[in-house]
Amino acid sequence: MMARIIGVMRGNFSLVSGTTILVIVLSTVVFGPLILRSDPLSQDLVARLRPPAWAAGGTSDRLLGTDALGRDMVSRLMYGGRVSVALGVVAVTSAGLVGLAIGLMAGYFGGAMDDVIMRIAEIQMAFPLLVLALILMAVFGPGIVSMFVAFTISGWPIFAKITRGIVLSIRHQEFIEAARAIGCGNIRLIIRHVLPNVLPYIVILTALQLSGMILTEAGLSFVGIGIQPPTPSWGNMLGEGRAYLSNAWWLATFPGIALMITVLGANLLSDGLQVVLDPRARRRIR
Amino acid sequence: MSLYLVRRLMQLFVALLGMSIIVFVAMRVAPGDPAERMVSPLATDQELQQMREALGLNKPIYEQYATFLRGVLHGNLGKSLFYNESVLTIVLERLPATLQLALISMTVVVAVGIPLGIYSATHGGSWLDIIARMMAYIGQAMPSFWLAIVLILVFSVGLGIFPTFGRRSLSCFVLPSISLILPRLARVMRFVRSAVLEVMHEDYVRTARAKGLLERSVLYRHTVRNALIPVVTDTWLQFAWLLGGSMIVEVVFAWPGIGALTINAIYSRDYPLAEGCVMLLALIFLLANLLMDLSYAAIDPRVRYR
């Protein structure tokens, strides 16, 4: 098993680097707070707006400085990472599952149902996410639940469209016909024959969408309609930092870097996965 | 083909109708209404009610919707509750700002991204390719609003070269454009590169080369033209998205465009303005989708619509 994994990773720079980055980020946000035991919410108004340790006025116990309320940036970054990454992962999973199911149905059964579903998907995609989130937040109140619903609602169409496309292209192939000829029922056909051909692309798409959702969460929290303070998230840390650009550059810089590294990792991962999973890409050597 | 067009247009109309109902209902269900924001915090309940009546918010929802619909059919999108002007006027006023940013950004992205992508595909492993690909990876990973902040930090606060906000002068265009351009440039470049690489190994390219055609001929007439089909799709969609107003960048730079207008309208519960803006954004996106599907059929002879 280990040998297989190493075999897959060999020569695949994207996969290796993407996985490494994501593992580092995940361990930091999951285990970091347990090791450091510092509180992201404890304010220390005497020590507000302290720069990072290497700049003048910085102290070594507040390695990346403090924010406007004296809260430690390092622990805020780690706790914020938990929120941002967790939301991204959960949202992409639910959007992916919903989209996969709908896409399989639409592609396999076709007809009017396919048309209706595709038009609904298009309406969904045409609805500006920001507006959707604003409205949901106005109705359900701000916070994680609204964000989760907004992401799932806006995320499923692309999974559905791609799934449907693949299903359409293999629906008339001979192995499906053969399976039906020996009496395979629809559900069994979908699960045992169609789904395995769809999954590789869905996995790749999931990695890509994950980075998209993390970025989107950051954007929504940035304008104040996502995760609400005092709960830290990389997005709302950026939003808070924006007001202090001229005197406290570290507030806005570090969350952005964290975001960038995480998204980079996810993108590299999806590229690497594409080399492994996409049969067309396998022909090409990196 | 024209039957397809008619069907798509009908679907577009239905989609817009559906969306208008959703927005309409959602805004009125949300807590807080414009009346609350227009009267002083010390106002009595009676004054609040009077304000609501004056704004026409007391009528049942379906009546409000019917009024709205009737207005739309006459080309009247209603009057903004806060600006006291016709919604259409306000929107049209702010449209050029967004349009300018969108056009500038997309032009640069296409003009630089496509050649770079082609070069990267054909000269794989060269210095320019490696640098371009690294920057593309990083560029795609950057949130555009964070890029905006960093640009402001470096160029406005630090060096004082470009203004921080507004749309007063030509130099005001630079930072917002760069924020919008960089991530998209990265995306297009990678897209073009992978599309060209994909096509380069197809049999018909090998045939063209075997025929003895000049490499350049092979490249442009066969490879690139076919590779660009998915790129065109994605670019169109990006442009449509930009037209909808890159809301967050507009907010960061206080750019007087449609995106910022929409956000403010929803925040202040300015019902007519918010509905008008959202409908406009949806219309733009759906139309762009339709145009894109049509151009698909025009470019790729293998695509046929019933």
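No experiment lies behind these values; they were computed from the predicted model shown.

A. Expanded view of the overall build of chain B. Along chain B, the regular secondary structure elements total 13 helices and zero strands. In chain B, the order of α-helices and β-strands from amino to carboxyl end is α-α-α-α-α-α-α-α-α-α-α-α-α. Here the C-alpha atoms of chain B give a radius of gyration of 24 Å, more than 25% beyond the 19 Å that 2.2 N^0.38 yields for 306 residues. Structurally, chain B occupies a C-alpha span of about 85 × 60 × 30 Å along its principal axes. Across the 306 residues that make up chain B, the buried fraction comes to 38%.

B. Seen up close, the nonpolar core. Grouped together as the largest cluster of nonpolar side chains are 154 residues, with contacts concentrated most on A:A133, A:L134, A:L259, B:A148, B:V192, B:C277 and B:A282. Looking at which element gives the most residues to this core, the answer is helix α3 (residues 73–109) of chain A, with 16 residues. Each of domain 1 (2–73) and domain 2 (94–299) of chain B gives at least three residues to this core. Other than its neighbours up to four places away in sequence, A:L259 contacts A:I214, A:L215, A:A218, A:W234, B:P143 and B:W146.

C. Region of the structure containing the environment of A:T66. Residues and elements named next belong to chain A. When you line up the elements, T66 lands in the loop between α2 (13–36) and α3. Each C-alpha atom of the pair T66 and D44 lies 9.0 Å from the other, and the pair is 22 residues apart in sequence. Beyond its immediate stretch of four places on either side in the chain, T66 contacts A47, R48, L49, R50, R71, D72 and M73.

D. The arrangement of the environment of A:V74 in detail. Residue and element names in this part refer to chain A. Position of V74 among the secondary structure elements: in helix α3. Each C-alpha atom of the pair V74 and S270 lies 28 Å from the other, and the pair is 196 residues apart in sequence. Once you skip the residues sitting within four places of it in the chain, V74 turns out to touch L36, L63 and L64.

E. Examining the packing of helix α4 (residues 111–126) of chain A against helix α6 (residues 144–170) of chain A more closely. Residue and element names in this part refer to chain A. In the contact formed by α4 and α6, the axes pass within 9 Å of each other and the chain directions differ by 135°. Put simply, α4 runs oblique to α6. At the point where α4 passes α6, the crossing takes the left-handed sense. Contacts between α4 and α6 involve I117, A121, Q124 and M125 from the former and I153, S154, P157, A160 and K161 from the latter. Taken together, the residues of the contact of α4 with α6 break down into six nonpolar, two polar and one charged.

F. Looking closely at the confidence of the model for chain A. Here chain A averages 82 in pLDDT, while 97% of its residues score no lower than 70. Ranking the elements of chain A by mean pLDDT puts helix α1 (residues 2–9) of chain A last with 76 and α3(A) first with 90.

G. Representation of the domain arrangement of chain B. Residues and elements named next belong to chain B. Domain annotation for chain B reports domain 1 (2–73) and domain 2 (94–299). Between the C-alpha centres of domain 1 and domain 2 the distance comes to 34 Å. On the side of domain 2, twelve residues touch domain 1, which itself brings 13 residues to the contact. Among the secondary structure elements, those contributing two or more residues to the side of domain 1 that touches domain 2 are α1 (2–29) and α2 (34–38). For the side of domain 1 that touches domain 2, the residue count by class is eight nonpolar, two polar and three charged.

H. Summary view of unusual backbone geometry. All names here are of chain B. The phi dihedral of N84 falls on the positive side, at around 60°, and the residue is not glycine. Considering the arrangement of structural elements, one finds N84 in the loop between α4 (61–73) and α5 (87–122). One non-glycine residue, A254, lies in positive phi territory at about 50°. By the secondary structure assignment, A254 is in the loop between α11 (247–252) and α12 (258–267).

Calculation rules
Residues numbered from 1 in each chain as written. Chains lettered and ligands numbered in written order. Predicted model: local features only at pLDDT ≥ 70, side-chain atom pairs only at ≥ 80, totals over all residues. Helix = DSSP H or I, 4+ residues; strand = E, 2+ residues; numbered from the N terminus. Rg over C-alpha atoms; globule rule 2.2 N^0.38 Å. Buried ≥ 20, exposed ≤ 12 C-beta atoms within 10 Å, placed from the backbone. Core = buried A, V, L, I, M, F, W, Y, C linked by C-beta atoms within 7 Å. Domains from an automatic or database assignment. Contact = placed C-beta atoms within 7 Å. Axes fitted to C-alpha atoms, helices over the stretch in contact; angles between N-to-C directions. Parallel < 35°, antiparallel > 145°, perpendicular 65-115°, else oblique. Left-handed = near helix turned anticlockwise from the far one by under 90°. Nonpolar A, V, L, I, M, F, W, Y, C, P; charged D, E, K, R; others polar. pLDDT = per-residue confidence, 0-100.

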